[in-house]
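# Survey of secondary and tertiary structure
Residue strings, one per chain:
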Amino acid sequence: MQQTSALYKQILSQLNHSFEFKVVVDGTTYLSDQLFSLSTDVSVFNRTPEVGKTPSQKISVAIRNPDRDFPRMAEISIYVRVAATLPGDTQLSLSEWIPQGVFYSDTKTTTKNNAGITRCYIIGFDAMLKAEHDYDSTSLDWPAVDTDIVAEIASKMGVLVDSRTYDVMTDQYKLPLPVGYSLREILGILASKYLGFFVITDEGKLLLQSILSLPKETRYLVTEVGNAITFGGIRIEV
Amino acid sequence: MATIKLSDKLQSQKASPQFEPFSKIVIHVNNDTKIEVGDDTGRTLEYTDPFGTQAQAEAQLAKLSGFQYSPFEIAGALLDPSAEIGDAVSTKEIYGGIYKRSRSFGQLMKANISAPYDEEVNHEYSYKSYSERRYSREINDVKASILIQSDRIAAEVEAREAQGASMLAQLSLQSTEVSAKVSQTGGDNSSFGWSLLSDKFSLYANNREVLKATSEGLEINGTIKASSGYIGSESSGFTITASALYNGLSQFNGSQARGIYIGTNGIQLGQNFKVDTSGNVSAANITLSGILNVGGQNIAAETLRSGASYGYSFGNATTENTEKYPEFFYCRDIICKRNLEIFQPYFFIHSAGKRAVSLRTKTIAGQTITYLGTF
């Protein structure tokens, strides 16, 4: 879960909250009223639980009357914020923009309807597809430690490593030089060693998640937004 | 990871029974090697890791102990935008991890989320697409073909090695036969023939062996014509020329102190003997044991004893007779005897240029030396 402000949590807890979103394509911002549609999809596995997966999230966005042409592999970023009128306020309160993914255009289709409205339909994928090339150069001494390998791969992909990755990678596995393997295959191998999977976060960072890291189920009383309800400072379990 | 409390902020939800706990880990190292840890009492987790180890599998099985996967599906969830893949989600009926997410951006931000599960039948009889099965078949066919080819290659190598050994043996045998087959004859010995045997080579002419070459050398029975060459070695043997045979002395009347020359100009031995084509002999010493013919007259060694009354005559010397000796004197070698008396001869040149010899008995002292005659 991404870190959010108290304001965000407060606004989100309001029953009358709503969302605003925007898409930034190659530096040009398009608000929700400039978009026909916007959706994302990601799937770690499709059936039985698996480890060693490296899924890539997909974006589908249709832009109304774009005012420009977009270059190849244009960067597309999605942001969302929550809005509501807080109790006692008359003004609409807006939270910070929460990133919802960083993508790169893969296909672009432009159509124009009879009314002359242009629709630019873009399909894109996140940076995980940038790991689809051979591990053809390295500055590491091999055999190398898994955390160093992940850092080097992230650098080659042009992304940062989410710091929570290192909370999972505690066993310090060593790998020989992976001749003939792609960066993505090596990420998968390392993820399998930790019974997990690598994803690109909504902030565009490389993150290792383990299926064993799921928080244990609790029966605490919580608010709408998940804050525990306490009684005299003590959480109430039901 | 965090837990997203959805409560009833959703369109629909579907929960499936929790999976049975994992009891086995299988690591596929490659197509032929896998590591298995655990038993078949529960669910098996399989994955591919070419660098996987037994210790890794055992540690993972220990970590998986007690873990149970909870599959679910939630449609139209009003999901907190800050929720991430891998976070847990809880409703009144469901608690599980978000491993699949489809978000539709709008004012409500709805999402379909799930922890996927397989159908019971598909779990037992896992579906593979046509492409997967065809690829798997082709891989197996290639592997089988490679195995067959490698076996054939190994068999072929073994056969060629055996054949090579056999060929070596045959060559060894045939080399002996070749050696034996060298024993051939040809031609006709009555006119001209040849014979090549294992120990000699012979040439025949008119039924006569005229040349024989063996391990000991060459024998020639017949005419040898040579205008040059050597007998022995070039440095110390005899040199053959068209007119001479020599060693050391390369010509007649040569000045070399040592050597021999036999040629058309004469025969010479160093500087101590030579005879030319005219019969002129020069020698440092001569020892005669037979008859010496001087001017047609034979003079034997015993003849030196006679001297008739003139003593002895040598060559063409005239005899001057001043005294007569009734006794015979003969000389042999350098000793002159008369009966049992030994006389020491003196050979000297007379002042008149005549050669003379005088005898003096050893037993008579002070005898006047007179000459007996000239020679």
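Let me begin by describing the structure that accompanies this report.

So, how was this worked out
- Numbering of residues starts from 1 in every chain and runs along the sequence as written.
- As they are written, the chains are lettered A onward and the ligands numbered 1 onward, keeping that order.
- Note on the predicted model: pLDDT of at least 70 is required for a residue's local features to be given, and 80 or more for side-chain atom pairs to be given and counted; whole-chain, interface and lining totals, by contrast, use all residues.
- Hydrogens and waters are ignored; side-chain quantities use all the structure's heavy atoms.
- In this text, helices come from DSSP runs of H or I with a minimum length of four residues, and strands from runs of E with a minimum of two, each type numbered from the N-terminal end.
- For each residue, the accessible area found with a 1.4 Å probe, counting protein chains only, is set against the maximum for its type, and the residue is called buried under 20%, exposed over 50%, and partly exposed in between.
- Here, two residues are considered to be in contact whenever any of their heavy atoms come within 4.5 Å of each other.
- Here the Shrake-Rupley method, with its probe set to 1.4 Å, supplies the accessible areas, and only the displayed protein chains count as covering residues.
- Simply put, the buried area is the total loss of 1.4 Å probe accessible area from both parts when two parts are fitted together.
- When a carboxyl oxygen of Asp or Glu is within 4 Å of a side-chain nitrogen of Lys or Arg, the pair counts as a salt bridge.
- We define a polar contact as two N or O atoms separated by no more than 3.5 Å, with the added condition that, inside protein, one atom must be a possible hydrogen donor and the other a possible acceptor, whereas residues neighbouring each other in sequence contribute only through side-chain atom pairs.
- For two strands to pair, DSSP has to find at least two bridges joining them.
- Geometry is summarised by axes, namely lines fitted to C-alpha atoms with helices restricted to the contacting stretch, and by angles between N-to-C directions that run from 0 to 180 degrees.
- Each pair of aromatic rings taken from Phe, Tyr and Trp, with Trp reduced to its six-membered ring, is defined by centres within 6.5 Å and is described as stacked if the planes are under 30 degrees apart, edge-to-face if over 60, and tilted in the remaining cases.
- Our arc is simply the arc of the directions from the helix axis toward the C-beta atoms.
- Method remark: on a 1 Å grid restricted to protein atoms, a set of points is classed as a cavity if a 1.4 Å probe fits but cannot get out and as a pocket if it is open with protein on both sides within 12 Å along at least five of seven lines; lining residues have an atom within 4 Å of a point.
- Grid points are joined across faces, edges and corners, and a volume is the space filled by probe spheres set on the points.
- Under the scheme applied, nonpolar residues are Ala, Val, Leu, Ile, Met, Phe, Trp, Tyr, Cys and Pro; charged residues are Asp, Glu, Lys and Arg; polar residues are all the others, including Gly.

### Details of the overall build of chain A
Each helix and strand in chain A was counted, giving 4 helices and 14 strands. For chain A, with 238 residues in total, the buried portion stands at 47%. For chain A, the share of sequence-separated contacts (at least 6 apart) that also reach a separation of at least 24 residues comes to 62%. Total accessible area on chain A stands at roughly 11600 Å², and carbon and sulfur atoms take up 48% of it.

### Re the interface of chain A and chain B
With 54 residues of chain A in contact, the opposing surface of chain B contributes 51 residues. Roughly 4700 Å² of surface becomes buried between chain A and chain B when both sides are summed, with 59% attributable to carbon and sulfur atoms. Remark: the boundary between chain A and chain B carries 5 salt bridges. At the surface where chain A touches chain B, the tally comes to 23 residue pairs in polar contact (both at pLDDT 80 or more). Those elements that place two or more of their residues in the side of chain A that touches chain B are helix 1 (6-13), strand 1 (18-25), strand 3 (35-43), strand 5 (75-84), strand 7 (98-112), helix 4 (183-193), strand 11 (196-200) and strand 12 (206-210) of chain A.

### Considerations on the pairing of strand 11 of chain A
Residues and elements named next belong to chain A. Extensive coverage of strand 11 is indicated by the burial of 5 of its 5 residues. Residue alternation in strand 11 divides its side chains into two sets, Gly 196, Phe 198 and Ile 200 and Phe 197 and Val 199, and both sets are buried. Two strands pair when backbone bridges link them, and strand 11 and strand 12 are joined in this way by 5 bridges, in the antiparallel orientation. Bridge assignment links Val 199 to a residue of strand 12, and that residue is Leu 207. Hairpin remark: strand 11 followed by strand 12, antiparallel, with 5 residues in the connecting loop; positive phi at Gly 204, about 90°.

### Considerations on the sheet that holds strand 11 (residues 184-188) of chain B
All names here are of chain B. One open sheet accounts for 5 strands, arranged 11-12-13-14-15; its pairing is antiparallel. The open sheet has two free edges, formed respectively by strand 11 and strand 15 (217-220), since each of these has just one partner strand. Each strand of the sheet is rotated relative to its neighbour by a mean of 10°, with strand direction disregarded. Where strand 11 meets strand 12 (residues 192-196), 5 bridges bridge the pair, whose relative direction is antiparallel. When the sheet's bridge partners are listed, Thr 185 is paired in strand 12 with Ser 195.

### Let's talk about the packing of aromatic side chains
How two aromatic rings sit relative to each other is set out by the distance from centre to centre and by the angle between their planes. Taken as a whole, this structure holds 12 aromatic pairs over all chains when the rule is applied. When the ring of Phe45(A) is compared with that of Tyr69(B), the centres are 6.0 Å apart and the planes differ by 55°; the resulting orientation is tilted. One end of the pair, Phe45(A), is in the loop between strand 3 and strand 4 (58-64); the other, Tyr69(B), is in the loop between helix 1 (54-64) and strand 6 (72-78), on a second chain. Across the pair, exposure class does not vary: Phe45(A) and Tyr69(B) are buried alike. An aromatic cluster of three or more residues is present, and its members are Phe45(A), Phe197(A), Phe19(B), Tyr69(B) and Tyr99(B).

### Overview of helix 1 of chain B
Inspection of helix 1 of chain B places Gln56(B), Ala57(B), Gln60(B), Leu61(B) and Leu64(B) among the buried residues, and these make up the whole buried set. Projected down its long axis, helix 1 of chain B shows its buried positions confined to an angular sector of 130°, all on one face. Away from its buried face, by an angle of more than 90 degrees, helix 1 of chain B presents the exposed residues Ala55(B) and Ala62(B). On the buried face of helix 1 of chain B, the contacting elements are helix 4 of chain A together with strand 3 (22-28), strand 4 (34-38) and strand 5 (43-48) of chain B. Trailing helix 1 of chain B by a residue or two, Gly66(B) shows a phi angle of about 90°, which is positive.

### Regarding empty space enclosed by the protein
Within the structure shown, the criterion is met by 3 cavities of 30 Å³ or more. Of the volumes computed, that of the largest cavity is approximately 120 Å³. Contributing to the lining of the largest cavity are 14 residues, with Val199(A), Ile200(A), Thr201(A), Ile85(B) and Arg101(B) lying nearest its centre. Elements that contribute at least two residues to the lining of the largest cavity include exactly strand 11 and strand 12 of chain A. The residue makeup of the lining of the largest cavity, split by class, is 6 nonpolar, 4 polar and 4 charged.

### Section: the sheet that holds strand 1 (residues 3-7) of chain B
Residues and elements named next belong to chain B. Read across the sheet, 3 strands follow the order 1-7-8 without closing on themselves; strand pairing throughout is mixed. The two strands at the open ends of the sheet, each matched to only one other strand, are strand 1 and strand 8 (95-97). Between one strand axis and the next, the sheet turns by 25° as a mean value, whatever way the strands run. Pairing analysis gives 3 bridges linking strand 7 (residues 88-91) to strand 8, with the strands arranged antiparallel. Within the sheet, the bridge partner assigned to Val 89 lies in strand 8 and is Gly 96.

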